[in-house]
Amino acid sequence: MGTTYSVILESEHVSPQDVYKDIEIELKQINQLMSTYIPDSEINRFNALQDASCFRFSSKTWEVLLAAQKVYQETDGAFDITLGPLISRWGFNAEEYEQKVPSDSEVQALLSQVGTDKLEFDRVNQCISKKHPSITINLSAIAKGYGVDKIADIVEQHKVENYLVEIGGETKAKGVNPSGSVWRVAIEKPVSITQQKMLVVSLADTSIATSGDYRNYFEVDGRRFSHTISPKTGFPVTHSLTSVSVIHPENMYADAYATALTVMGSDKALSFAKAHKLPVFLIRHGESELETLQSTYLEPFVQQH
């Protein structure tokens, strides 16, 4: 997944080494299924197809794909797992940045290869066929959250009741921390130089995911291009929203919603959070300083100091 992970758990009745071994097996399997960096991963085998045959997916990948389709529909396309061609063209992948802004016509041509609605889901046979031969799937905005959920499942299978799981900042917690208090997690201030705390939230049997553009962007001729690309326009978003944190029992959904809300911008993001009763924390650039917004559903999680 191109990042680190950590697990803190109460080990009174369990061997941490046994848990670690099971976690490593699980993560290796998820990567083999969903990574775009492994040439023969399940996702890349689907991406290599050039015909309309229905590709049958494993149960794990299928679970993530169904969730991705659900969030795509709920967010009116703001979350889209088929953005690969645009991500690649804008330089936000493992390749070196081209740092050359594509033309409008080039973006429009790539948009013809984008859209989860161009994937034909066969729920009976657990397979997907392509309506466009060049369409590809990239699960990077949801698979990390799924990984958090699966690690948490493994920890619980070992009868551990107090733990915190984290992959690249996406976090899930249950029970209490070593001091016997509810787990507390800091939401970072969106600055690229040093880590600074913006808000602390309490996590009791739930999870949090954050999406932000403050560490992944490039500049050309004085213009700043975010890594968050709008599936509607094909261009990086230009609004002032710079960080979105979402709390949800399933980190897979927290991960996907955080990405979708980042695409929407602060006003639409807050409206969506209200309609779907989501606890969210937003940070945007004001005229002279950072501004914060939050949904009313976040209040029970905010740690008072």
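The preceding data block contains the structure.
Small disclaimer: the values here were computed from a predicted structure and weren't measured. Just so you know, the residues in each chain are numbered from 1, in the order the chain's sequence is written. Per-residue local features of the predicted model are confined to residues with pLDDT of at least 70, and side-chain atom pairs are confined, for both listing and counting, to 80 or more; whole-chain, interface and lining totals are unaffected and use all residues. Water and hydrogen atoms play no part in the side-chain values, which are based on all heavy atoms of the structure.

### Structural notes on the overall build of the protein
Reasoning step 1: Labels follow the DSSP assignment, with helices taken as runs of H or I lasting at least four residues and strands as runs of E lasting at least two, numbered in each case from the N terminus. Counting secondary structure elements, the protein contains 8 helices and 14 strands.
Reasoning step 2: Relative to a compact globule of 305 residues, whose C-alpha radius of gyration would be 19 Å, the protein shows 19 Å and is just as compact.
Reasoning step 3: The principal-axis extent of the C-alpha atoms belonging to the protein is close to 60 × 50 × 35 Å.
Reasoning step 4: Only protein chains enter the calculation, and the probe is 1.4 Å; a residue is then buried if its accessible area is under 20% of its type maximum, exposed if over 50%, and partly exposed in between. Out of the 305 residues belonging to the protein, those deemed buried represent 50%. With C-alpha atoms as the basis for the radius of gyration, the globule rule is written as 2.2 Å multiplied by the number of residues raised to the power 0.38.

### A few points about the nonpolar core
Reasoning step 1: Only buried residues count toward a nonpolar core. Its members are Ala, Val, Leu, Ile, Met, Phe, Trp, Tyr and Cys residues joined through side-chain atoms within 4.5 Å. Among the nonpolar cores identified, the biggest contains 44 residues, and Met 34, Leu 65, Leu 139, Ile 142 and Leu 261 are the most heavily contacted of them.
Reasoning step 2: Residue contributions to this core peak at 9 residues, all from helix α7 (residues 251-264).
Reasoning step 3: Not counting chain neighbours up to four residues away, the residues in contact with Met 34 comprise Ile 43, Lys 60, Thr 61, Val 64, Leu 139, Ala 143 and Tyr 146. The contact criterion used throughout is that any non-hydrogen atoms of two residues lie within 4.5 Å.

### Some remarks on the packing of helix α1 (residues 16-34) against helix α6 (residues 143-157)
Reasoning step 1: Packing of α1 against α6 leaves a shortest axis separation of 10 Å and a crossing angle of 150°. If you check the angle between α1 and α6, you find them roughly antiparallel. As α1 runs across α6, the sense of the crossing is right-handed. Residue-level inspection shows Val 19, Asp 22, Ile 23, Glu 26, Leu 27, Ile 30 and Met 34 of α1 in contact with α6, the latter providing Ala 143, Tyr 146, Gly 147, Lys 150, Ile 151, Ile 154 and Val 155.
Reasoning step 2: Under this grouping Gly is polar, as are all residues other than the nonpolar Ala, Val, Leu, Ile, Met, Phe, Trp, Tyr, Cys and Pro and the charged Asp, Glu, Lys and Arg. Grouping the amino acids of the contact of α1 with α6 by side-chain chemistry returns 10 nonpolar, 1 polar and 3 charged. Where helices are involved, their axes are fitted lines through C-alpha atoms of the stretch in contact, as for all axes, and angles between N-to-C directions lie from 0 to 180°. Angles below 35 degrees are treated as roughly parallel, those above 145 as roughly antiparallel, those between 65 and 115 as roughly perpendicular, and all remaining angles as oblique. A crossing counts as left-handed when the near helix is turned anticlockwise from the far one by less than a right angle, and as right-handed when that turn is clockwise.

### A look at unusual backbone geometry
Reasoning step 1: Positive phi outside glycine occurs at Asp 205, with the angle close to 60°.
Reasoning step 2: Tracing the chain through its elements places Asp 205 in the loop between β8 (197-203) and β9 (206-212).
Reasoning step 3: Notably, Lys 277 is not glycine yet its phi reads approximately 55°, a positive angle.
Reasoning step 4: Checked against the element boundaries, Lys 277 lands in the loop between α8 (266-275) and β13 (280-285).

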